[in-house]
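The chain contents come next:
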Amino acid sequence: MANVIVIGAQWGDEGKGKITDLLSKSADVVVRSQGGVNAGHTVVVADRTFKLHLIPSGILYPNTECIIGSGTVIDPQVFIEEIKQLETLNVSLKNLFISQTAHVTMPYHRAIDRASEERRGKHKIGTTGRGIGPTYADKSERIGIRVVDLINPDDLKTKLEWTINYKNVILEKLYNVSPLDPKVVIEEYLEYADRLRPHVIDSSLKIYQAVKQKKNILFEGAQGTLLDLDHGTYPYVTSSNPIAGGACVGAGVGPTIIDRVIGVAKAYTTRVGEGPFPTELKGDIGENLCDWGAEFGTTTGRRRRCGWFDAVIGRYAVRINGFDCLAITKLDVLDRLDEIKVCVAYKLDGQTCYDFPTNASQFARCEPIYETLPGWQKSTADCKTLEDLPPKALNYLKFLAELMEVPIAIVSIGAKRDQTIIVEDPIHGPKRALLDANGDPVKTKV
Ligand code: GDP
Ligand code: IMO
Ligand code: MG
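Residues numbered from 1 in each chain as written. Chains lettered and ligands numbered in written order. Predicted model: local features only at pLDDT ≥ 70, side-chain atom pairs only at ≥ 80, totals over all residues. Heavy atoms only, no water.

**Q** Can you tell me about the coordination of the magnesium ion (ligand 3), naming the residues and giving the values?
**A** Listed as protein donors to the magnesium ion (ligand 3) are D13 (OD) and G40 (O); their distances from the metal cover 2.0 to 2.2 Å. With D13 in the loop between β1 (3–8) and α1 (16–24) and G40 in the loop between β2 (29–32) and β3 (41–45), this residue pair connects regions lying 27 residues apart in the sequence. Here D13 falls in the partly exposed class, since its relative accessible area comes to 22%. (Donors = N, O, S within 2.8 Å, 3.2 Å for Na, K, Ca; no water. Helix = DSSP H or I, 4+ residues; strand = E, 2+ residues; numbered from the N terminus. Buried < 20%, exposed > 50% of the residue type's maximum accessible area, 1.4 Å probe, protein only.)

This is the structure:
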């Protein structure tokens, strides 16, 4: 029995969906605990591609229970579209559950998200425009609509009438945007409520029952460590806590039930939206990585910014999340390069800096210090074991593991399930740091 958290170690899109799908084979329950339809997780199974936003990537296993937890925000319109898409692909939704205490994204959240981004001009965050920030802001302001309100028509009518009248003042007076008609919105959301109602549960209780029955629970992260509201590159972050600690809060479980935290990192770095990105490659190599890695947002279709692997943020992610092991994805995207750089430290105001500066203006001034490794210039896409990898590719992985001080348990060399090398059992294999109790290096395969 093991309860595992899967977390993005960079700025999102690390391939969490693929890794979650892979690990879901041995999970009884998969839980999404934060974020909303800003997430886009692509899972490729044989010749079929599934694009998931809210529904946990475990849904492709018919007997796995999938729970959208309390810390998430739910846009019913997008959620219902996602359900329809899965139904046409013959995916069973009988085991899909939604927390009654998750918050609901409303049309005014989307409108305010877009209008406020426009108002910010060159200071915009580059959000997905899905109303995520405003939904979480209402939760904090204690004027949010929760799923439990949505499915109770009288509560919905009372709460929405008041809230829409309040939001209309903001829409009209602050943003010069057309107001919403409460009647129209209420009618629309009452219909959504009918579709959602059969799936609504007390999610924390259901997860606790699974814990007591010694079921295997997998917590699927959305976004990534550097997008964390508290510990990311604020203000260029999302409005939830994608870090490992956030999984417990968002799912409503105590940290003592967690056995393991797995970090997912790309073999290079990408970022969507605005904000500093020290290892960003603006020339041909960046363009090539984007093309070879098909780096276009699953949710917005935006071209992702690409750059070299940044071990400073990698080590920071290890510290913030307490990763036990890593899954390194998209190694194959580097196959054609003759040399590969890795950022091992930053130059900040004339000093060498090994630790991620949480001061935003300092981070914006950081310049990468690189070590250059030889490329392998051979396809890795069909490798089944570490031994099949070109020696220079293996060296690259060893270099990353040493810098991150965490063993690599999974190497992904393509989007498909079978394009994966399991180095060590990610759930029961080696835990934590590369040093043992005496401070000596622990022997791991990578
Ligand atoms: P997530 O948000 O972390 O789940 O990641 P996304 O699904 O948004 O983006 C990762 C993309 O890379 C998806 O299109 C995956 O199908 C794809 N992918 C995942 N792992 C690999 C890999 O090892 N190699 C390649 N080439 N593509 C991968
Ligand atoms: P997955 O789960 C990559 C980014 C947006 C923007 C910032 C704030 O697929 O890894 P928001 O709409 O959340 O207020 O936008 O966060 N962002 C993501 N980037 N992957 C994601 O999710 C993201 N979710 C949000 O681009 O910079
Ligand atoms: Mg994504």
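**Q** With reference to specific residues and values, describe the packing of helix α6 (residues 153–174) against helix α7 (residues 182–196).
**A** Between two packed helices, both the angle of their axes relative to each other and the distance between the axes serve to describe the pair. Running from N to C, α6 and α7 cross one another at 145°; their axes reach a closest spacing of 10 Å. Of the two elements, α6 crosses α7, and the hand of that crossing is right-handed. Taking contact as the criterion, the partners of P153, L156, K157, L160, E161, I164 and N165 in α6 are, on α7, P182, V185, I186, Y189 and L190. Of the residues in the contact of α6 with α7, the class split is nine nonpolar, one polar and two charged. (Axes fitted to C-alpha atoms, helices over the stretch in contact; angles between N-to-C directions. Left-handed = near helix turned anticlockwise from the far one by under 90°. Contact = heavy atoms within 4.5 Å. Nonpolar A, V, L, I, M, F, W, Y, C, P; charged D, E, K, R; others polar.)

**Q** Tell me what's going on with the sheet that holds strand β7 (residues 96–99), and back it up with residues and numbers.
**A** The 10 strands lie next to each other as β9-β7-β5-β2-β10-β1-β11-β15-β19-β20, forming an open sheet whose pairing is mixed. Each end of this open sheet is capped by a strand with a single partner; those strands are β9 (200–201) and β20 (420–422). (Pairing = 2+ DSSP bridges.)

**Q** Lay out the side chain of T269 in plain terms, naming residues and giving numbers.
**A** Relative to the helices and strands, T269 is located in strand β12 (residues 269–271). Taking relative accessible area as the criterion, T269 reaches 0% and is therefore assigned buried. Beyond its immediate stretch of four places on either side in the chain, T269 contacts Q10, W11, F277, T279, R305, C306, G307, W308, F309, D310 and I313.

**Q** Talk me through the site of ligand 1; I want residue IDs and the actual numbers.
**A** Near ligand 1 you find 19 residues, and of these K16, G17, G40, D332 and S412 are the closest. The side chain of D13 places a nitrogen or oxygen atom 3.0 Å from an oxygen atom of ligand 1. Take D332: an N or O atom from its side chain is 2.8 Å from a nitrogen atom of ligand 1. Considered on its own, ligand 1 offers 580 Å² of accessible surface; in the complex 91% of this is hidden by protein. Listing elements by their share of the shell around ligand 1, those giving two or more residues are α1 and β3. (Near = heavy atom within 4 Å. Polar contact = N/O pair within 3.5 Å; in protein donor to acceptor, adjacent residues only side chain to side chain. Areas by Shrake-Rupley, 256 points an atom, 1.4 Å probe, with all protein chains shown as cover.)

**Q** Lay out the site of ligand 2 with the relevant residues and their values.
**A** The environment of ligand 2 is formed by 20 residues, the closest being D13, K16, H41, T128 and T238. Within the side chain of K16, one N or O atom sits 2.7 Å away from an oxygen atom of ligand 2. One of the side-chain N or O atoms of H41 is found 2.8 Å from an oxygen atom in ligand 2. Protein burial of ligand 2: of its 550 Å² of free accessible surface, 98% is covered by the chains. When grouped by side-chain class, the residues that make up the shell around ligand 2 number seven nonpolar, 10 polar and three charged.

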